[in-house]
Amino acid sequence: MSESDRTMTVPHRRLEPPPTRYVEVLSPGAPSPFRAREGVVRVGRDVGNEIVINDPFVSRVHIEIRIYPHGVEVVDLDTKNGTHYQGARIRELKVNGEVSLMLGKQVTISVRVGDDAPFSDVTAPAIAAPPPTIIPTAPPPAARPAPRGERTELIGESAAMQRLRAGIAKMAPSHLTVLIEGETGTGKEVIARALHQQSPRAGRPLVVFDCAAVSPNLIASELFGHVKGAFTGAVGSAEGAFRRADGGTLFLDEIGELPLDLQPALLRALEARQVKPVGGDGYRAVDVRVVAATNRGLEAEVQAGRFRQDLLFRLAVGRIKVPPLRSRVEDIPALAQHFARAVGGATLAPAVLAALASRPWRGNVRELRNVIERAVMLSPTPLVTSLDDDDDQDLVMPETLRAALGPAASSGDAEVPFQDAKQAAVERFERDYLLKLFERSGCNLSEAARRSGVDRRYLRELFKKHNLDPTTLRAQRRP
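Residues numbered from 1 in each chain as written. Predicted model: local features only at pLDDT ≥ 70, side-chain atom pairs only at ≥ 80, totals over all residues. Heavy atoms only, no water.

**Re the overall build of the protein chain**
The following threshold applies: The secondary structure listing takes helices from DSSP runs of H or I that are at least 4 residues long and strands from runs of E that are at least 2 residues long, numbered from the N terminus. Relative accessibility thresholds used throughout: buried, under 20% of the residue-type maximum; exposed, over 50%; partly exposed, between the two (1.4 Å probe, protein chains only). In this description, contact between two residues means that some pair of their heavy atoms is separated by no more than 4.5 Å. Computed with a 1.4 Å probe, the accessible areas rest on the Shrake-Rupley method; for each residue, only the protein chains presented here act as cover.
A tally of regular secondary structure across the protein chain gives 17 helices and 22 strands. Residues classed as buried in the protein chain amount to 46% of the 479 residues present. Long-range pairs, those at least 24 residues apart, make up 62% of the contacts in the protein chain with a sequence separation of at least 6. Total accessible area computed for the protein chain in this model is approximately 24500 Å², and 52% of it derives from carbon and sulfur atoms.

**Details of the sheet that holds strand E15 (residues 206-210)**
Heads up, the condition is: The pairing criterion is simple: DSSP has to find at least two bridges between the two strands. Only the stretch in contact is used when fitting a helix axis, every axis being a line fitted to C-alpha atoms; angles between N-to-C directions are given from 0 to 180 degrees.
The 5 strands are arranged E15-E16-E19-E14-E20 in an open sheet whose pairing can be described as parallel. In this open sheet, the two strands that pair with only one neighbour each are E15 and strand E20 (318-321). Neighbour to neighbour, the strand axes of the sheet diverge by 20° on average, direction disregarded. Where E15 meets strand E16 (residues 249-253), 5 bridges bridge the pair, whose relative direction is parallel. In the sheet register, Asp210 faces E16, and the bridge partner there is Asp253. Together, strand E14 (178-181), strand E19 (289-294) and E20 form the strand contacts of helix H1 (residues 159-171), whose direction differs from that of E20 by roughly 160°. Where helix H2 (residues 188-197) meets the sheet, it contacts E14, E15, E16, E19 and E20, and its direction lies at approximately 150° from that of E14.

**Notes on the packing of aromatic side chains**
We apply this condition: When the centres of two rings from Phe, Tyr and Trp lie within 6.5 Å, Trp using its six-membered ring, the rings pair. Their planes under 30 degrees apart give stacked, over 60 give edge-to-face, and anything left gives tilted. Sitting over a ring, as applied to charges here, requires NZ of Lys or CZ of Arg to be within 6 Å of the ring centre and within 35 degrees of the ring normal.
For the coordinates displayed, the defined rule picks out 2 aromatic pairs. Measuring from centroid to centroid gives 5.7 Å for Phe224 and Phe242, while their planes differ by 25°, and the two rings are stacked. Taken as a pair, Phe224 in helix H3 (residues 219-224) and Phe242 in helix H4 (residues 241-244) lie far apart in primary sequence, 18 residues in all. As far as the burial class goes, Phe224 and Phe242 line up, both buried. Their ring planes at 65° and their centres at 5.3 Å tell us that Phe438 and Phe463 sit as a pair that is edge-to-face. Taken as a pair, Phe438 in helix H14 (residues 418-440) and Phe463 in helix H16 (residues 456-465) lie far apart in primary sequence, 25 residues in all. Residue classification places Phe438 among the buried positions, given a relative accessible area of 2%. With relative accessibility at 1%, the residue Phe463 sits in the buried group. Above the plane of the ring of Tyr283 lies Arg268, whose end atom (NZ or CZ) is 4.0 Å from the centre. Directly above the ring of Trp361 sits Arg359, whose terminal nitrogen or CZ lies 4.7 Å from the centroid.

**Some thoughts on the packing of helix H8 (residues 332-344) against helix H10 (residues 364-378)**
Here is the rule we go by: Reported orientations rely on four angle classes, namely roughly parallel under 35 degrees, roughly antiparallel over 145, roughly perpendicular from 65 to 115, and oblique for the rest. Crossing handedness: left-handed means the near helix sits turned counterclockwise from the far one by under a right angle, and right-handed means the same turn made clockwise. Each residue receives one of three labels: charged for Asp, Glu, Lys and Arg, nonpolar for Ala, Val, Leu, Ile, Met, Phe, Trp, Tyr, Cys and Pro, and polar for the others, Gly being one of them.
Where H8 meets H10, the closest approach of the two axes is 9 Å, and the angle between their N-to-C directions is 50°. When the interaxial angle is binned, H8 and H10 end up oblique. H8 and H10 meet at a crossing whose hand is right-handed. Where H8 approaches H10, its residues Ile332, Leu335, Ala336, Phe339, Ala340, Val343 and Gly344 are matched on the opposing element by Val365, Leu368, Arg369, Ile372, Glu373, Val376 and Met377. The residue inventory of the contact of H8 with H10, partitioned by class, reads 11 nonpolar, 1 polar and 2 charged.

**Focus: the pattern of salt bridges**
Charged atoms that come close allow side chains of opposite charge to pair. Put simply, the test is: The term salt bridge refers to a pairing of a side-chain nitrogen on Lys or Arg with a carboxyl oxygen on Asp or Glu at a separation within 4 Å.
The full count for this structure, using the stated rule, is 23 salt bridges. Residue Asp310 is joined to Arg308 by a salt bridge in which the shortest nitrogen-to-oxygen separation is 2.7 Å. Residue classification places Asp310 among the partly exposed positions, given a relative accessible area of 33%. Overall, the relative accessible area of 28% leaves Arg308 in the partly exposed class.

Listed below in structure tokens is the structure:
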């Protein structure tokens with residue numbers, strides 16, 4: 001093939017007058033440079049690219065060379081092994097003159113930009129390329145044990161867990177924004193970590209931001225950063241969660257708690273991939289994958305006017321629903337043994353596992369973990385044979401649970417339908433449990449939530465369900 005035969009025009013929708021530039025790409029194995037005058041030149045392993053590179057460390061479509069009237073840029077398409085310029089990994093690079101790029105681990109190509117005349121008649125201008133957007137090259141962090149609250153195991157082999165794993169495996173390699181929905185204590189942060197660790201961003205930061213744990217007047221600063229003097233106490237500039245997560249993943253926990261007046265700023269950050277620090281005068285580009293989680297029904301929040309519908313649509317591009325523990329009872333033994341081993345290398349006796357499987361677990365996996373940790377720490381031997389303890393025995397003993405359910409439930413009254421009998425037994429147990437829990441917690445709702453491993457707001461809902469008023473109960477307890 002002659003040199004002139006390799007000169008082509010790549011189809012492209014023309015928004016401005018035709019460019020007056022040539023781009024010349026010299027790749028390994030090619031007898032002569034590939035030339036294009038406008039449009040997009042794709043480089044990669046796939047045979048459908050304009051420039052095909054047969055190398056296992058090069059992605060199917062590795063980079064695009066975009067030729068515009070106003071300039072030329074090289075864009076890495078979020079590849080696994082990356083594109084490097086002068087030893088630094090790039091995402092985008094504006095090209096003037098000639099640059100040498102490394103694709104993957106070993107392939108070097110030359111990209112040269114010239115003016116209207118053929119390259120053989122033109123001397124490329126001696127203009128250095130402007131600084132590229134760089135991801136600092138760093139070795140992956142050393143493996144370390146995950147501390148409490150950072151576990152990434154997805155324990156269980158139930159059908160619900162298998163569906164959950166399949167959904168994570170499908171979404172993790174993409175760059176979709178994902179919304180994780182589930183009750184309190186179901187392990188939404190564990191799923192967010194799994195999405196991050198199975199993604200191409202695994203070597204970059206995972207930043208966790210709890211929307212419910214930050215004062216509303218500080219959320220904008222914590223999310224987007226601030227400049228010195230932006231508000232009282234801002235003695236210096238600070239990066240927000242978006243900037244700290246640049247190149248990685250930002251996990252927005254309890255997204256339903258985000259104040260309505262801050263939601264437009266988050267929507268813009270998601271749409272434009274730009275953030276504006278509080279007190280700043282310009283936007284800064286960020287490359288962040290956002291994963292959000294909620295225990296609320298956001299559709300209902302939209303209907304109530306507390307959440308923007310357009311923000312919900314933007315967050316829920318990918319959607320993962322986490323099953324509550326009561327819908328995968330068969331996973332309880334494996335989870336319980338896992339927590340027992342993690343706490344102190346203990347083992348749970350079969351009778352304990354059977355007792356655990358009979359509980360409703362309103363606080364889900366978090367409640368289960370709290371109960372197991374308490375039982376292991378109070379057990380005199382590595383084999384845990386009881387969930388009893390001297391202080392809270394009426395709250396955790398299987399025998400007391402059966403007594404609270406009443407004799408009819410214990411004997412299995414066949415005069416009523418199973419579901420009705422079960423529901424009545426559970427309601428009797430819940431009411432009795434709440435009364436004893438509140439009494440032993442000094443009539444302090446926060447302490448009761450801590451002891452039971454149940455979220456404080458959900459505990460309030462349980463009190464309301466059984467027509468129990470904490471204020472009235474507290475007054476009745478006083479001498």
